Amino acid sequence: MPVEPPVVSPRDLASAYAALAGDAIRPIAGGTDLMVALTGELGPEPAGIVDLWGLDALRGISIDGDELVLGALTTYTEIRRSAVCREHLPALVEAAATIGAAQIQNRGTLGGNIANASPAGDTLPVLLAADAVFDLGSVRGERHVPATDFWTGYRQTALAPDELVLRVRFQLRSGREMRFRKVGTRRAQSISKVVMAVAWRTAAPGVWRDVRIGLGSVAATPIRAPRAEAVLEGSPVTPEVADRAAEALAEELSPIDDVRSTAGYRRVVAARVLHRIVREAGGW
Ligand SMILES: Cc1cc2nc3c(=O)[nH]c(=O)nc-3n(C[C@H](O)[C@H](O)[C@H](O)COP(=O)(O)OP(=O)(O)OC[C@H]3O[C@@H](n4cnc5c(N)ncnc54)[C@H](O)[C@@H]3O)c2cc1C
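Numbers given to residues run from 1 along each chain, matching the order in which its sequence is written. Owing to the predicted nature of the model, reporting of local features is limited to residues with pLDDT of at least 70; listing and counting of side-chain atom pairs is limited to 80 or more, with chain, interface and lining totals taken over all residues. Heavy atoms from the whole structure form the basis of all side-chain values; hydrogens and water molecules are not counted.

### Section: the pairing of strand E4 (residues 61-64)
Two elements, E4 and strand E5 (residues 67-71), share 4 bridges in a ladder whose sense is antiparallel. By the bridge assignment, Ile63 is partnered in E5 with Leu68. Following E4, the chain reverses through 2 residues before pairing antiparallel with E5; Gly65 in that reversal takes a positive phi of roughly 65 degrees. DSSP-based pairing: two strands are paired if at least 2 bridges between them are found. Strands here are runs of E lasting at least two residues and helices are runs of H or I lasting at least four, both read from the DSSP assignment and numbered beginning at the N terminus.

### Topic: the site of the ligand
Throughout, the term near means that a residue has one or more heavy atoms lying within 4 Å of the molecule or strand in question. Neighbouring the ligand are 33 residues, the closest being Pro27, Thr32, Asp33, Tyr76 and Thr109. A 3.5 Å cut-off defines polar contacts: any pair of N or O atoms within that distance qualifies, except that in protein one atom must be a possible hydrogen donor and the other a possible acceptor, and neighbouring residues in sequence count only when both atoms are side-chain atoms. One of the side-chain N or O atoms of Thr109 is found 2.6 Å from an oxygen atom in the ligand. One of the side-chain nitrogen or oxygen atoms of Lys182 is found 3.1 Å away from an oxygen atom of the ligand. About the coverage of the ligand: the protein hides 87% of its 990 Å² of free accessible area. Of all the secondary structure elements, the ones that give two or more residues to the shell around the ligand are strand E2 (25-28), helix H6 (102-107), helix H7 (110-116) and strand E10 (164-171). Tallying contributions element by element places H7 first for the shell around the ligand, with 4 residues. Its residues assigned to classes, the shell around the ligand comprises 14 nonpolar, 13 polar and 6 charged. Only the protein chains shown count as cover for residues, with accessible areas throughout obtained via the Shrake-Rupley method and a probe of 1.4 Å. Throughout, the ten residues Ala, Val, Leu, Ile, Met, Phe, Trp, Tyr, Cys and Pro are labelled nonpolar, Asp, Glu, Lys and Arg are labelled charged, and all others, Gly among them, are labelled polar.

### A few points about the packing of helix H11 (residues 239-252) against helix H12 (residues 263-282)
The angle between two axes is taken between their N-to-C directions and runs from 0 to 180 degrees, where each axis is a line fitted to C-alpha atoms and a helix contributes only its stretch in contact. Closest axis-to-axis distance for the H11/H12 pair is 8 Å, and the angle between their directions is 155 degrees. It follows that H11 is roughly antiparallel to H12 by the angle criterion. Along this stretch, H11 crosses H12, giving a crossing that reads as right-handed. Touching Pro239, Ala242, Asp243, Ala245, Ala246, Leu249 and Ala250 of H11 are Arg267, Ala270, Ala271, Leu274, His275 and Val278, all from H12. Along the lines of polarity and charge, the residues of the contact of H11 with H12 split into 10 nonpolar, 1 polar and 2 charged. Every angle not falling under 35 degrees, over 145, or within 65 to 115 is termed oblique; those three ranges are roughly parallel, roughly antiparallel and roughly perpendicular. Crossings are sorted by hand: turned counterclockwise from the far helix by less than a right angle, the near helix makes the crossing left-handed, and turned clockwise it makes it right-handed. We call two residues contacting when some pair of their heavy atoms lies within 4.5 Å.

### Focus on the side chain of Ser118
Within the fold, Ser118 resides in the loop between H7 and helix H8 (124-129). Under the relative-accessibility criterion, Ser118 is labelled buried at 14%. Side-chain polar atoms of Ser118 contact the backbone nitrogen of Ala120, separated by 2.9 Å. The rule is simple: take the accessible area with a 1.4 Å probe, protein chains only, and divide by the maximum for that residue type; under 20% is buried, over 50% is exposed, in between is partly exposed.

This is how it looks when you write it as structure tokens:
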């Protein structure tokens, strides 16, 4: 029988930071990813676990000046129920609604999705498209890392082993539009084959600016799509531009074949999803 690693439950951040010192100590939030990985079959078990669930400092959804701020322990159910999120970041509410089912949405957290660093994490394209910034904390203090710099390789992040994701910040930008699409095998309880968020601001009728395309399940990490973004940036949104953006996206992606999908399927579907988003926004 495997021996369960000892769990400590700190009541404040300083105690959590202290508890995270040492080799192979892992934080746990909702546990919906970590518990699955604790069987010992997927790598060495941690030497100890720090339970973050009691840390009020990591909770809450608020507006702080011109930013929307979500604590790392914010669950998908809280995101779905939040009037503030529905008003300012409805694409995140849509993404939260596609994750697992009610049990997972009640326990799974935004910070867990970020730190778990799965390329298929469904909120991550939204965080990329919204220019989210992550506040990270440790005994050394706080630092701020943009989502674009956070996922450094397959399941690798900018987090130090003793560092926590504390909160996620989104600058509120007037006129920003965002669309979210998840393609999976089913409508619920499905791991994404392609997941995408597209953000833009309409600068003049039919002209997009500040275009951001965030994608998941098409690379080793969640990614942006700079070539397709460049096609859409500043262009009048016409059928020809939508065609060129979709082509640019298909060319710049290098997905892999795996048990859920082939690389070819992912490339074609990502291009079509982008084309449809542009088409629907253009109203033609
Ligand atoms: C049945 C099922 C269905 C699922 N469906 C989906 C889905 O549709 N889409 C999707 O994206 N995911 C899905 N997941 C995965 C999972 O629910 C999410 O990734 C969730 O957001 C993880 O959050 P958590 O709080 O449970 O993380 P945990 O399991 O507690 O932790 C995950 C990882 O992040 C680390 N961690 C957690 N919080 C912090 C923090 N604040 N700072 C630093 N490190 C931290 C942990 O050490 C661990 O490595 C599913 C999981 C299950 C079991």
